[in-house]
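Next come the chains, spelled out residue by residue.
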2 protein chains.
Amino acid sequence: MENYLPHIAYDSVIFGFSGERLKILLLEYHNTGWLALPGGFVKQDENLDDAVHRGLQERTGLDKIYLEQFHTFGNVNRHQPEVMKTILEASAFSLTEYALLLDRFISVGYYALIDYEKVKPQPDALSDSIDWYFVDELPPLIFKHEEIVQKALASLQFNLDRKLVGMNLLPSKFTMKELQQVYEAILGEKLRRTTFQRKMLSLGILERHEKRFNGKAHKAPYLYSFRASSFAIDR
Amino acid sequence: MENYLPHIAYDSVIFGFSGERLKILLLEYHNTGWLALPGGFVKQDENLDDAVHRGLQERTGLDKIYLEQFHTFGNVNRHQPEVMKTILEASAFSLTEYALLLDRFISVGYYALIDYEKVKPQPDALSDSIDWYFVDELPPLIFKHEEIVQKALASLQFNLDRKLVGMNLLPSKFTMKELQQVYEAILGEKLRRTTFQRKMLSLGILERHEKRFNGKAHKAPYLYSFRASSFAIDR
DNA sequence: TATTATTGTCTCAATATGTGACAATAATAG
DNA sequence: CTATTATTGTCACATATTGAGACAATAATA
C-alpha cells in the first residue's frame, strides 16, 4: 500500500447494455454481502486516468475502455472507517498493514461504457464476486455509492448527444432499434421511432450495411455501424 | 500544514464580467513575477466544497459564491517541485516545514462566477497581488494552469443554457444588452439581437422593471432581473 | 397465398430559429 | 422647438427542426 497516494481513490460506474436495460457492475465483499462500486487507488507516479484504466482492465479484461471522469466526491460524511474495518477483517487483511484504508478518502468518479457481451468480470482480493445489476433496481450499496451512480447516470444523460455513447455500449454492427433502445435506457423514457431514425440518419455518423435476417416474421432491419470519421467528434 | 490532507489541492477559476469581456483572477507570487490560479488545500475534517468556499471567501470577501466543480487534474506531469521550491524560497518559507507542498498534488478544478463590481481581491501569504486578466489574453501561467482555465471555460460554455449563468455574473438588475454581452463573452461569438431577446423573454425567467435612463441619445432600455422562482432550476 | 409484425420512408402540422424591417424614444444639435 | 442620431422593443416572413401519423415493403408463419 505504501506506494499509493493516501486519501485519494477512484470509483467507477461501469455501464453495460443488455437487451433493453442499463446495467452496472457491482462488487460483493467477502463474508459481508455488502455491495459497492469497483474502485481503486492511484500509485505515487501514476496518472489518475491511467490508474482507472488499469483497474478496469484488471476487472473486465478490456483494454481500450471508454472512460469519462464526471465528479469528485469530497464530503467528510463519506468517511466510514468502521465499514472499511469490517471489510478488511472479513477478508482477514491486517489492520495495521492496511491502516491507510481506514483514513478519509476523496474519490474521483469515472463512468465507463462497455460492450456487455465482451466482458468476463473478475473479482478482486477483497470481493467474492462482481456482477451486473440493473441501474433502475439497485440494491443498497455501502459508502453512499448510490449517490455516485445517480450522478454518473445524470452525467451520461447530459453527454448523450455530444458524445457517441451508443458506439461504446453496442457491438460494432447494430440495428436502428437497438440504438434507440440504448438511448431510451439512458434517458429513461420512450422515444418516437420515426423521429429518432430521421435524426440519427441526418447526423451522417452511421453507415448502412447488409440486412439482418433474424428469423422473425417481418421485414428485416438494416445493420448500421458508426463511421470511422465519427471518432473525431469531440474527444 | 499538518492538519491538511496531503496530495490534494483545488484550483479555482474565478470569472468576472467587466464591460464586455470575461476576466479571471490570477495571483502573482512574491519576487518571481509568476502567475497562477488561486488555489488551496483541504483540511482533514473539511468538506471539499467547503474548503473551496473558504478559500474564495478569503480572497474575494464574498460569502455566497456560485461554484461549480468541473474537472479533477491528476496527471503526473503537473508535478514540478522545483517551481514550488522557488516560490517558497522567494517568500522565505521554510522548506522543511512546508516540505509537503513539494509533493505531487491531485487538484480539483472549480470555477466561480462573481459580480465583478463587488470584489476587492486579497492576495495570500505567498503572493504579492491578485488581479483581473482577460480570459482571451492570458499571460503565461505556471503549473500548466492554462489547461485548467481552458477546461473551465469549456465547461462554462457547455453549461450556459441550463444554468442561470447570467444571474451570477451580473448585478441584480441589468439590461437585455448586458445579458447578451455576457453570453457573447462566454461563447466567444456574436449573437443576433432579436433572436436572443425573443429567446430570453420566452423562457419566462426574467422580470421587467423600470427603464434605465443612461443619458445616451436613444430609447432607454428596460432593466430586467431574474425571477426568484428561477433559482429553483437545476441546482 | 393470406397474415403478422416490424421497418423504412413520406407527408403534413406544429414549433423553433434566422433575418430583416420598422416604429418608438431619449438625448443632442441646430 | 424641431430634426437628427443611436439604440430598443416588437413584428413579419422565411427557413429549419421536430412531432405525429400514414403507408407501402418485406421476412417469416399459418
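It should be emphasised that the depicted structure is a prediction, and the values quoted were computed from it without experimental measurement. (Residues numbered from 1 in each chain as written. Chains lettered and ligands numbered in written order. Predicted model: local features only at pLDDT ≥ 70, side-chain atom pairs only at ≥ 80, totals over all residues. Heavy atoms only, no water.)

A full pass over the atoms with the stated rule returns 19 aromatic pairs over all chains. Judged by centre distance (6.2 Å) and plane angle (70°), the rings of Phe70(A) and Phe73(A) are edge-to-face. For the pair Phe70(A) and Phe73(A), one class covers both residues: buried. When the ring of Tyr183(A) is compared with that of Phe196(A), the centres are 5.2 Å apart and the planes differ by 65°; the resulting orientation is edge-to-face. A residue pair is termed long-range when its members are at least 10 positions apart, and Tyr183(A) in helix α5 (residues 176-187) and Phe196(A) in helix α6 (residues 193-203) qualify at 13 residues. Relative accessible area serves as the criterion here: at 6%, Phe196(A) is assigned to the buried category. Taken together, the ring pairs in this structure connect Phe15(A), Phe70(A), Phe73(A) and Tyr111(A) into an aromatic cluster. One Lys or Arg, Arg21(A), reaches over the ring of Phe134(A) and ends 3.6 Å from the middle of that ring. When the ring centre of Tyr222(B) is taken as origin, the NZ or CZ atom of Arg208(B), which lies over that ring, is 4.1 Å away. (Phe/Tyr/Trp six-rings, centres within 6.5 Å; stacked < 30°, edge-to-face > 60°. Buried < 20%, exposed > 50% of the residue type's maximum accessible area, 1.4 Å probe, protein only. Helix = DSSP H or I, 4+ residues; strand = E, 2+ residues; numbered from the N terminus. Lys NZ or Arg CZ within 6 Å of the ring centre and 35° of its normal.)

The next thing to look at is the protein's contact with DNA strand C. As a structural note, the neighbourhood of DNA strand C is formed by 25 residues, with His218(A), Tyr222(A), Thr195(B), His218(B) and Lys219(B) the closest of them. Backbone atoms, meaning sugar and phosphate, make up 54% of the atoms of DNA strand C lying within 4 Å of the protein. Note that a base nitrogen of DNA strand C is positioned 2.8 Å from one of the side-chain N or O atoms of Arg198(B). The contact in question runs from a base nitrogen of DNA strand C to an N or O atom on the backbone of His218(B), over 2.7 Å. Among the elements that line the surface near DNA strand C, the one with the most residues is α6(A), at 5 residues. (Near = heavy atom within 4 Å. Polar contact = N/O pair within 3.5 Å; in protein donor to acceptor, adjacent residues only side chain to side chain.)

Turning our eyes to something else, we now look at the relation of the copies chain A and chain B. Expressed as a screw operation, the relation of chain A to chain B combines 0.0 Å of axial shift with a rotation of 180°, fitting to an RMSD of 0.0 Å. What the rotation and shift describe, once combined, is the action of a two-fold rotation axis. Taken as a fraction of all interface residues of chain A, those also at the interface in chain B reach 100%, which identifies the copy contact as same-surface. (Least-squares fit on C-alpha atoms with pLDDT ≥ 70 in both. Contact = heavy atoms within 4.5 Å.)

We now examine the domain arrangement of chain A. All names here are of chain A. Per the domain assignment, the segments making up chain A are domain 1 (4-159) and domain 2 (171-232). Across the boundary between the two partners, domain 1 contributes 9 residues, which contact 7 residues of domain 2. Both faces combined, the contact of domain 1 with domain 2 buries some 610 Å², and carbon together with sulfur accounts for 68% of it. Interface area lost by domain 1 to domain 2 is led by Phe-17, Leu-22 and Gln-157, which between them contribute 59%. Taken together, the links from domain 1 to domain 2 amount to 0 salt bridges. At the boundary of domain 1 and domain 2, one finds 1 residue pair in polar contact (both at pLDDT 80 or more). Listed by contribution, the elements that provide at least two residues to the side of domain 1 that touches domain 2 are β2 (21-29) and α3 (145-159). Residue contributions to the side of domain 1 that touches domain 2 peak at 3 residues, all from α3. (Domains from an automatic or database assignment. Buried area = accessible area lost by both parts, 1.4 Å probe. Salt bridge = Lys/Arg side-chain N within 4 Å of Asp/Glu carboxyl O.)

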